[in-house]
Amino acid sequence: MKAIRKISAVSLLCLTLFTVMTVSCTEENEPPTVQEVQNRNHQTAKTQFINVKGNAIAYRVLGKEDGIPLVLLPGLGGSMDDWDPAVTDGLAKKYKVIIFDNKGVASSKGITPNTVQAMADDAVDFINALNLNKVNIMGFSMGGFIAQRIVLTHPSLINKVILTGTGPQGAIGLSNLPNIIAGTAGLSPEASYLKFGFTESAQSIAEGKASFARVQLRTTDRDLPLNDATSNSQFTAVLAWAQPNADALTEIQKIKNPVLIVHGENDLPVSVQNAKNMAQNLDQAELVIFPDSGHASFYQYHDTFVGKAIEFLGK
């Protein structure tokens, strides 16, 4: 069943790195204390590490202890600290939310692969290392590419999927990414964030500035920046995903899991037509298009998005 909704107006690609703070950790697989469970929000959740095929992978657990976890997959250049707390904490009020740095990203060790499929394989290895036999996944932008490959290659591991600001292989407009990035040369971190994630309207800019401020609220135990090798590998993977693929929409028809697709009407790097195309080729897809919004539409409309995501996951 397909449902397409447009909500009436009432890291995104986080290419700018924020202030780096000292990272602390707990030993892998240590059971949480009562105090740790109480402190499971975006600003206070401890960074933990787990060994995944010889590499220490950094992660944090937010929210509830029970239920099917929701694993978040960030976009190009993003780490655990590039998620908007309004979204992560909002989701964590109802669900156990796991954010992490994939292999070689930010605080995680290892060499970051330069293909989306290999990144998906690494994410599955991480999920398996946590001994989770069923998860929900939510991917933003490049994380949405990874999420698609995870559910296509390991459908039994996945319960439901949320895709935000993303598209299928050969996504319309994505090949223009180098030019979009070039157009941000000389911009401040905040201006770059607004350029990629929001529109030029006063309301969108105001919401974008508020989101940018929220992203930087965590001041202790902050993530490490991405190194050049990781950034280059991710960029290579994204540009390869952008290459035309005549079979891409046919392939995603194999996805039988429920999928919530969320997109901004004026997404700059990934055209909204990509979301419409995916929704038309998925058996159990629901599409929400936010007006006057860009790549980070779910940050701009965070309250509405969180409510919709919780409703979707709870069905």
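The structure this text deals with has already been given above.
What counts as what
- Residues numbered from 1 in each chain as written.
- Predicted model: local features only at pLDDT ≥ 70, side-chain atom pairs only at ≥ 80, totals over all residues.
- Heavy atoms only, no water.
- 1 Å grid on protein atoms, 1.4 Å probe; cavity = no way out; pocket = protein on both sides within 12 Å on 5 of 7 lines; lining within 4 Å.
- Points joined across faces, edges and corners; volume = space filled by probe spheres on them.
- Helix = DSSP H or I, 4+ residues; strand = E, 2+ residues; numbered from the N terminus.
- Nonpolar A, V, L, I, M, F, W, Y, C, P; charged D, E, K, R; others polar.
- Salt bridge = Lys/Arg side-chain N within 4 Å of Asp/Glu carboxyl O.
- Buried < 20%, exposed > 50% of the residue type's maximum accessible area, 1.4 Å probe, protein only.
- Core = buried A, V, L, I, M, F, W, Y, C linked by side-chain atoms within 4.5 Å.
- Contact = heavy atoms within 4.5 Å.
- Pairing = 2+ DSSP bridges.
- Right-handed = clockwise from strand over helix to strand, strands pointing away.

Caption draft 1: A look at empty space enclosed by the protein. Here the largest cavity defines a volume of roughly 120 Å³. As for the largest cavity, its lining consists of 15 residues, and the residues nearest its centre are Asn102, Val105, Met142, Ile146 and Gln234. Every element with two or more residues in the lining of the largest cavity is listed here: α3 (116-129) and α4 (142-153). Split by residue class, the lining of the largest cavity holds eight nonpolar, five polar and two charged.

Caption draft 2: Main features of the pattern of salt bridges. The final tally for this structure, using the stated rule, is 13 salt bridges. Between Asp81 and Arg218 there is a salt bridge, with the nearest N and O atoms lying 3.9 Å from each other. Pair noted here: Asp81 is in the loop between β4 (70-73) and α2 (85-92) and Arg218 is in the loop between α7 (202-215) and α8 (228-241), with a separation of 137 residues, a long-range link. When its relative accessible area of 3% is taken as the criterion, Arg218 is described as buried. Taking the shortest distance from any N to any O, the salt bridge between Asp84 and Arg214 comes out at 2.7 Å. Placement of Asp84 in the loop between β4 and α2 and of Arg214 in helix α7 is noted, with a sequence separation of 130 residues between them. For the pair Asp84 and Arg214, one class covers both residues: buried. Taken together, the shared-partner salt bridges connect Arg60, Asp81, Arg218 and Asp221 into one network.

Caption draft 3: Broad picture of the nonpolar core. Among the nonpolar cores identified, the biggest contains 53 residues, and Phe126, Ile137, Ile150 and Ile261 are the most heavily contacted of them. The element that contributes the greatest number of residues to this core is α3, accounting for seven residues. Beyond its immediate chain neighbours, meaning those up to four positions away, Ile137 contacts Leu70, Val71, Leu73, Ala147, Ile150, Ile158, Lys160, Val161 and Ile162. Core analysis: the second largest hydrophobic core is formed by 35 residues, Leu72, Leu194, Phe305 and Leu313 among them.

Caption draft 4: Just the side chain of Gln234, in detail. In this fold, Gln234 is placed in helix α8. The residues contacting Gln234, other than those within four sequence positions of it, are Leu76, Gly77, Val105, Thr112, Met119, Met142 and Leu226.

Caption draft 5: Inspection of unusual backbone geometry at higher detail. We note that Lys53 has phi near 50°; this positive angle belongs to a residue other than glycine. As for its placement among the helices and strands, Lys53 is situated in the loop between β2 (48-52) and β3 (55-63). Despite not being glycine, Ala106 has its phi angle at roughly 50°, a positive value. Take Ala106: it is sitting in the loop between β5 (96-100) and α3. The exposure class of Ala106 is buried, given its relative accessible area of 11%.

Caption draft 6: Fine view of the pairing of β5. Buried residues dominate β5, accounting for five of its five residues. Along β5, one buried face is formed by Lys96, Ile98 and Phe100 and the opposite face, lined by Val97 and Ile99, is buried too. Summarising the sheet, β3 and β5 pair through five bridges and their orientation is antiparallel. Within the sheet, the bridge partner assigned to Tyr59 lies in β5 and is Phe100. Of the strand pairs in this sheet, β4 and β5 are connected by three bridges, and their pairing is parallel. Paired with Leu70 across the strands is Val97, a residue of β5. Between the parallel pair β4 and β5, the chain is carried across by α2, and the sense of this crossover is right-handed.

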